[in-house]
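# Chain and residue survey
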Amino acid sequence: LRGTVATLIMAISLGTDFALLKLFAPLNTWIGYHSTFWIFSFICLSNVFYLIFCVPETKMRSLEDIYSDLEGRKRKKAEKVVETNHV
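By the naming in an unreviewed UniProt entry, the protein goes by Facilitated trehalose transporter Tret1 and is assigned to Papilio machaon. According to UniProt, the comment filed for the protein under the heading Subcellular location (unreviewed entry) is "Membrane".

Here you go:
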């Protein structure tokens, strides 16, 4: 599953990079530099809000716990939290 998802994410990333490179020059001639950069900055800002509000935090969680949340299952037992001082 991880290999498939990593491949899918890489394909989406390359596709959006290609679209950005192909759209930048025509948008500059059509609406100008300032509007083009405002459009792209709005897209980046909307991605930040999507990450903040829609993507769950996975720090200090086990892989099984993350998979159970993604599948919609409830946790069966309370998991103990192990704190580390590693950054």
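Right, picking up where we left off after that structure.
So, about the packing of aromatic side chains. The tally for this structure, following the rule as stated, stands at three aromatic pairs. Consider the rings of phenylalanine 24 and phenylalanine 37, whose centres lie 5.6 Å apart with planes at 75°: the pair is edge-to-face. Here phenylalanine 24, found in helix H1 (residues 2–31), pairs with phenylalanine 37, found in helix H2 (residues 33–54); they are 13 residues apart in sequence, far enough to count as distant. When the ring of phenylalanine 24 is compared with that of phenylalanine 40, the centres are 6.2 Å apart and the planes differ by 20°; the resulting orientation is stacked. Remark: phenylalanine 40 occurs in helix H2 and phenylalanine 24 occurs in helix H1; sequence separation between them is 16 residues. By relative accessible area, phenylalanine 24 is classed as partly exposed at 28%. Residue phenylalanine 40 is classed as buried on the basis of its relative accessible area of 17%. Taken together, the ring pairs connect Phe24, Phe37 and Phe40 into an aromatic cluster.

This part takes up the packing of H1 against H2. The geometry of H1 relative to H2 is characterised by a closest axis approach of 7 Å and an angle of 140° between their N-to-C directions. If you check the angle between H1 and H2, you find them oblique. Between H1 and H2 lies a crossing whose hand is right-handed. Within the contact between the two elements, H1 uses Leu20, Phe24, Leu27, Asn28 and Ile31 and H2 uses Tyr33, Ser35, Thr36, Phe37, Ile39 and Phe40.

Moving on, we come to the side chain of serine 68. Position of serine 68 among the secondary structure elements: in helix H3 (residues 63–71). Take serine 68: its relative accessible area is 8%, and that puts it in the buried class. Side-chain polar atoms of serine 68 contact the backbone oxygen of aspartate 65, separated by 2.8 Å.

This next bit is on H3. Among all positions of H3, only Asp65, Ile66 and Ser68 are buried. Down the axis of H3, the buried side of the element spans an arc of 165°, and every buried residue falls inside it. With respect to the buried face of H3, the exposed residues turned more than 90 degrees away are Glu64, Leu70 and Glu71. Looking one or two residues past H3, glycine 72 carries a phi angle of roughly 90°, positive in sign.

About the thresholds
- Residues numbered from 1 in each chain as written.
- Predicted model: local features only at pLDDT ≥ 70, side-chain atom pairs only at ≥ 80, totals over all residues.
- Heavy atoms only, no water.
- UniProt positions renumbered as here; feature names shortened; annotations may be inferred.
- Phe/Tyr/Trp six-rings, centres within 6.5 Å; stacked < 30°, edge-to-face > 60°.
- Helix = DSSP H or I, 4+ residues; strand = E, 2+ residues; numbered from the N terminus.
- Buried < 20%, exposed > 50% of the residue type's maximum accessible area, 1.4 Å probe, protein only.
- Axes fitted to C-alpha atoms, helices over the stretch in contact; angles between N-to-C directions.
- Parallel < 35°, antiparallel > 145°, perpendicular 65-115°, else oblique.
- Left-handed = near helix turned anticlockwise from the far one by under 90°.
- Contact = heavy atoms within 4.5 Å.
- Polar contact = N/O pair within 3.5 Å; in protein donor to acceptor, adjacent residues only side chain to side chain.
- Arc of directions from axis to C-beta.

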